[in-house]
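# Architecture and fold: a report
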Amino acid sequence: QSTHTYGEWYAQLNSTLLALLNNLDARVPITPNCYYNIAIANESLWLMVYHADGLKTSYTEMDDYDSQWLFVPADKADTYYLQNRSTGLYISTVKNGVRVKAATTKQEEAIPFVVVFGEVGELLLQHAEDNKLNLYNSEENRKKRQVLVGSMTDNSSAGAVWWSFTMADDLLALPKSS
């Protein structure tokens, strides 16, 4: 038997969860050399996928290797090269306002990105050599959903700059539903 009411338990639990969510040190960091699905924040089924013409976001299955990205550590903390699981290609072409491409198998030609933590569950992928450039999803043509690099700093009608990550290997280990 508890001496607390449901309301008291709720208040205590809510207070503890808020403290944990506001503690930046309690956030789970990216695990290097693990595959992740990268999705538009708040649209977890719209994943960043490899496409020969350039990266795009697509409503696809999370176990599709085209939508899984390996975070390969670069020289600085929280900085990674992104390598596609299906092709082995790294993100290598990034120019302001131009569609991002994964077109090299050589890490030295890849572009490093810094993972910047935002609100709970949201991350920014920022160009490591130019912190004014972020990966974002273009909303200009909803059918294309191209991934671009630009100076966007927040989600807007022009596109989504915040992403959420799910460790793909954990999902693959789950039993398939019948």
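One structure accompanies this document, and this report is about it. (Residues numbered from 1 in each chain as written. Predicted model: local features only at pLDDT ≥ 70, side-chain atom pairs only at ≥ 80, totals over all residues. Heavy atoms only, no water.)

## Notes on the packing of aromatic side chains
The condition is simple: Think of it this way: a Phe, Tyr or Trp ring, Trp meaning its six-membered ring, pairs with another when their centres are within 6.5 Å, and the plane angle makes it stacked under 30 degrees, edge-to-face over 60, tilted otherwise. For the exposure calls, accessible area comes from a 1.4 Å probe over protein chains only, and a residue counts as buried if that area is under 20% of its type's maximum, exposed if over 50%, partly exposed in between. Numbering of helices and strands runs from the N terminus; a helix is a DSSP stretch of H or I covering at least four residues, while a strand is a stretch of E covering at least two.
A full pass over the atoms with the stated rule returns six aromatic pairs. Taking 5.5 Å as the distance between ring centres and 75 degrees as the angle between the ring planes, the aromatic pair formed by F71 and Y80 counts as edge-to-face. Each member of the pair, F71 as well as Y80, carries the same accessibility label: buried. Relative to F165, the ring of F71 has its centre 5.2 Å away and its plane inclined at 45 degrees; by these criteria the two rings are tilted. With a gap of 94 residues between them, F71 in strand β4 (residues 68-73) and F165 in strand β13 (residues 163-167) connect regions that are remote in the sequence. Relative accessible area serves as the criterion here: at 16%, F165 is assigned to the buried category. Three or more aromatic residues joined by ring pairs make a cluster, and in this case those are Y36, F71, Y80 and F165.

## A few points about unusual backbone geometry
Peptide bonds are, in most cases, trans, and in most cases residues other than glycine have a negative phi. Unlike most non-glycine residues, N33 shows phi in positive territory, near 60 degrees. Its identity is not glycine, yet D78 carries a phi of approximately 60 degrees, on the positive side. For D78, the position within the fold is in the loop between β4 and β5 (79-84). Taking relative accessible area as the criterion, D78 reaches 39% and is therefore assigned partly exposed.

## Digging into the pairing of strand β9 (residues 123-127)
Here is the rule: Here, any two strands with at least 2 DSSP bridges between them count as paired.
Of all the five residues making up β9, five are buried; the element is thus mostly covered by neighbouring parts of the structure. Taking every second residue as pointing to the same face, both faces of β9 are buried, with L123, L125 and H127 on one and L124 and Q126 on the other. With five bridges connecting them, strand β8 (residues 112-117) and β9 associate as antiparallel partners. Bridged to V114 within β9 is Q126.

## Quick word on the pairing of strand β2 (residues 43-49)
Alignment of strand β1 (residues 35-40) against β2, held across two bridges, turns out to be antiparallel. In the sheet register, A39 faces β2, and the bridge partner there is L47. Between β1 and β2, which pair antiparallel in sequence order, lie two residues; one of them, N42, sits at a positive phi of approximately 70 degrees. Pairing of β2 with strand β3 (residues 56-59), which is carried by four bridges, proceeds in the antiparallel orientation. Counted as the bridge partner of W46 is Y59 from β3.

## What to know about the nonpolar core
So the rule is basically this: What we call a nonpolar core is a set of buried Ala, Val, Leu, Ile, Met, Phe, Trp, Tyr and Cys residues that are connected through their side-chain atoms within 4.5 Å. Should any heavy atoms of two residues lie within 4.5 Å, those residues are counted as being in contact.
F71, L125 and L135 are the most contacted members of the largest nonpolar core, which totals 27 residues. The greatest single-element share of this core, amounting to three residues, is contributed by β1. When sequence neighbours within four positions are dropped, the list of residues in contact with L125 reads I38, F71, L82, F113, V114, V115, L133, N134, L135, W163 and F165. Formed by eight residues, the second largest nonpolar core is a distinct cluster that contains L70, V72, Y81 and A110.

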